[in-house]
Amino acid sequence: MGIKIVPRYGKSFKDKLYLPAIFAGMKTTMSHFAKNLSDTSNIKTECYPEMKPQDITQRYRGVHRLTHRDDGSVRCVACFMCATACPADCIFIEGKERRDGIDEKMPAVFKIDLLECVFCGGCVEACPCDAIRMDTGIFSFVAKRRKDFVLDKEQLLAHKSFEGEK
Amino acid sequence: MINVIFLILSLFALMGAIGMIMFSNTMHSALSFIVTVMALAGLYALLNASFLFMVQIIIYAGAIITLMLFIIMFLNIREEHAPKEPNKYINMLVVAIVLTPIDYLLFEAFLRMPHIGDFTTKIKNFGDIKMLGDKLFRGWLLPFETISILLLVALIGSIVLARKRERK
Amino acid sequence: MNIILIIVIVVNIIIALLFSLGAAPILVWVERRVAGFIQDRLGPNRCNIAGFRLGGLIQSFADMLKLVFKEDFRAGAIKEKFVFSIAPVIVFASAFLSYMVMPFADDLVIGSQTFVMQGLPINLGVLWFLAFAGLSIYGIILGGWASNNKYSLLGSIRAGAQVISYEASMTLALISLLITYGSINLVDIVNFQGKLLFGFIPAWGVVMQPLAAIIFIVTAFAEANRTPFDIAEGESEIVGGYHTEYSAMKFGLFFVGEYVAMSASSALIVTLFFGGYNLPWLGTATLKEHFSAIMWIIVVALPLLSFLFGRWIVKNNVWPKTDDIRNKETKWLLRMMVLMNMVIIAILAYFLYSGIGVTGTNIAVAVIQVATFAIKLLLMNFVFVWVRWTLPRFRYDQLQNLGWKVLLPLSIANIFLTALVVVGFGV
């Protein structure tokens, strides 16, 4: 492998002097500084805990929720499709027979371990009856103990879509 | 007070000089040399030679020894690279004994200097840059310029020598 | 030894301490906030004591406390413990000492006594700065070497080569300046710059010696190890450079030392090229002559400036959460500003009414000159920060090319040119 000599950019005296280019760069940074100093609201930075992010879209994958049927009961039929699709093995389901005549099967236990979850959205894609969604918009989930990160069926059902229940 | 400072400074100078020849680690030798140079600068300051004091720090401590340290670090000399000196201390002792008459001569000569023990400055602004410049460029211009030419020759010589080696 | 002498000496030392040590946290703050604003970010703005954020300045004190209380970790591979420990001290002490000869104000005359307004009243001036700025390199070299770490050693070798090559150009640029000014004493140099050139341009160094000014400012950046010459740290290539192995307050000393060195460089640049403590067109004599007019100007200008500043505070010093304690700060700041205005104007009004006397004028002029020096110093430090967040780092060979092939010949040519002009025109 030989040495490749790259032709030098800038042949005129002004280019070789460097100082005009340096001052041009300093002018640019100064204009930013002056703009932001005169009015700090020009800065787009959000002071996070006080200002919540406003740019969460419908496609944003937040913490999961279990959707409801029109009568308010759980939509999930415990088909285990989500648990099978899950690459992180974080969904634990126990099915049971459903006797109220709406459907044949429903989950007795539905747990998601958020510490294991990789928020890939695979479970949402896999679900055949639109029973699990990730549209809660919850981007930060905080707890003090490890076991608090394992969400059970009731918690998942209680989560709302960030645009309201649909 | 001045005597105490003088004693401390000369002690540092001597310790640095001894350390420089005693240490087998080159870096340590260079460090003790810094101590000597700085102590000498302090001695110049004690003698009211303020310009000499500054120049000693700027040139010797600031430039020359920095260059030495740089080269030592650049070559990455380790202790195992240093030559073995089995009879180092005996050699030193022998040299010290051999040099004793010369030391005595120096001491005698120093004792017979005029104004011994008189630390008052005879001239106002002694050691100032203006005085020194006046003396150098009015009274001693030829020696000064000769020395600068000598330095220039040494400078060019070193560059020429370095060039020659490169061509091989 | 009389009381006034002691007071003046103590005041001088306190001012020197404030400008060097006290400037460090402020400069850290300036650096971070300016960097934020230049990059369209906010920078540190959250830390507060009872709601007082002072624009984020409190963060610097919090960081200093953190550095003091951190664990002082030393890796087991470090054998040269003494050298390792003394290296940051050398950097800090030499940066600090190099500050001590900067004149903050013209010679102060009280009664029959004249005081030199420097931390150390010696007339070695520029030489003192050169000597101790040159010594600070030992800290970097020894720290890098004693760390027993490849990256640290590389960093200190780079620093050594850089300082040796740039010190030459720096000294030569200085010599052409000294030929112009005819003195190495910084007070003489500043007083020279108080004169007017052709009757209307202030004879500042940057006007008299523009080439030397450029060379000196560039080399001062290199001496202070600031971007674009901070290859000794070069965190993108050699981790942290010479201070990779340092932690806690040992690192803190390197860190503070860098800012003190930067501040000292700025002080020297201001003193040599930007008129030092002189206000443009207003030399010490003019100031003393027209002091009551100056007081009137202050009485009018201070409330106006305070009003503008207050409006800026009201507009920008807000915190998004309305019931937060930080939102009470603006109110208190405005109150304090009004109080300060009232006190200053009351004092000035008293002096305008009763007359200030010769000694009073001298002291007041010294205060104005110290303030001028402080403002100029802050602006120059801002330039250092501004350049850091504008320019990328030099590559090593580019750095040496610039030092030896451009700056050194230019500075030697400048010496010849200056000598020709001085000898030819007998200026």
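Residues numbered from 1 in each chain as written. Chains lettered and ligands numbered in written order. Predicted model: local features only at pLDDT ≥ 70, side-chain atom pairs only at ≥ 80, totals over all residues.

### Concerning unusual backbone geometry
Both trends apply: most residues other than glycine have a negative phi, and most peptide bonds are in trans. Its identity is not glycine, yet Asp89(A) carries a phi of approximately 55°, on the positive side. Within the secondary structure layout, Asp89(A) lies in the loop between α3 (81–85) and β2 (91–97). In the Ramachandran plot, Asp40(C) falls in the positive-phi region, its phi being about 55° despite a non-glycine side chain. Within the secondary structure layout, Asp40(C) lies in the loop between α1 (3–38) and α2 (57–69). (Helix = DSSP H or I, 4+ residues; strand = E, 2+ residues; numbered from the N terminus.)

### Some remarks on the pairing of strand β3 (residues 105–113) of chain A
Across seven bridges, the pairing between β2(A) and β3(A) is antiparallel. Its bridge partner lying in β3(A), Ile93(A) is registered against Phe110(A). (Pairing = 2+ DSSP bridges.)

### Here's the deal with the packing of helix α3 (residues 81–98) of chain C against helix α9 (residues 248–273) of chain C
What describes two packed helices is the angle between their axes and the distance between those same axes. All names here are of chain C. Where α3 meets α9, the closest approach of the two axes is 8 Å, and the angle between their N-to-C directions is 25°. Overall, the two elements α3 and α9 adopt an arrangement that is roughly parallel. Relative to α9, the crossing made by α3 is left-handed. Only Lys 250, Leu 253, Phe 254, Val 256, Gly 257, Val 260, Ala 261 and Ala 264 of α9 make contact with α3, whose side of the interface consists of Pro 88, Val 89, Val 91, Phe 92, Ala 95, Phe 96 and Ser 98. Of the residues belonging to the contact of α3 with α9, the class tally is twelve nonpolar, two polar and one charged. (Axes fitted to C-alpha atoms, helices over the stretch in contact; angles between N-to-C directions. Parallel < 35°, antiparallel > 145°, perpendicular 65-115°, else oblique. Left-handed = near helix turned anticlockwise from the far one by under 90°. Contact = placed C-beta atoms within 7 Å. Nonpolar A, V, L, I, M, F, W, Y, C, P; charged D, E, K, R; others polar.)

### What about the interface of chain C and chain B?
How big an interface is tends to be stated in terms of the accessible area lost upon association of its parts. Taken together, the contact pairs 19 residues of chain C with 15 residues of chain B. Looking at the side of chain C that touches chain B, the elements with two or more residues in it are α4 (126–146) and α5 (150–181) of chain C. Per element, the largest residue contribution to the side of chain C that touches chain B is nine residues, and it comes from α4(C). Looking at side-chain class alone, the side of chain C that touches chain B contains 15 nonpolar, three polar and one charged residues.

### Comments concerning the arrangement of the chains
For the two pairs of chains in contact, the maximum contact count is reached by chains B and C. Without any contact between them, chain A and chain B keep their closest C-alpha atoms 21 Å apart.

### A short note on the domain arrangement of chain A
Partitioning chain A into domains gives domain 1 (10–45) and domain 2 (65–158). Distance from the C-alpha centre of domain 1 of chain A to the C-alpha centre of domain 2 of chain A: 53 Å. (Domains from an automatic or database assignment.)

### Quick look at the nonpolar core
Core analysis: the largest hydrophobic core is formed by 132 residues, its most contacted members being Tyr99(C), Leu127(C), Ala131(C), Phe216(C), Val260(C) and Ile269(C). Examining the composition of this core, we find that 16 residues originate from one element, α4(C), more than from any other. Phe216(C) has contacts with Met170(C), Ala173(C), Leu174(C), Ile269(C) and Leu272(C), leaving out every residue within four places of it along the chain. Core analysis: the second largest hydrophobic core is formed by 18 residues, Cys82(A), Met106(A), Phe110(A) and Ile132(A) among them. (Core = buried A, V, L, I, M, F, W, Y, C linked by C-beta atoms within 7 Å. Buried ≥ 20, exposed ≤ 12 C-beta atoms within 10 Å, placed from the backbone.)

### Observations concerning the sheet that holds β2(A)
Pairing is antiparallel across the open sheet formed by three strands, whose spatial order is β2-β3-β5 (chain A). Edge positions in the sheet fall to β2 and β5 (150–151) of chain A, since each has one partner strand and no second.

### Let's talk about the interface of chain A and chain C
With 17 residues of chain A in contact, the opposing surface of chain C contributes 15 residues. For the side of chain A that touches chain C, the class distribution of residues is eight nonpolar, six polar and three charged.

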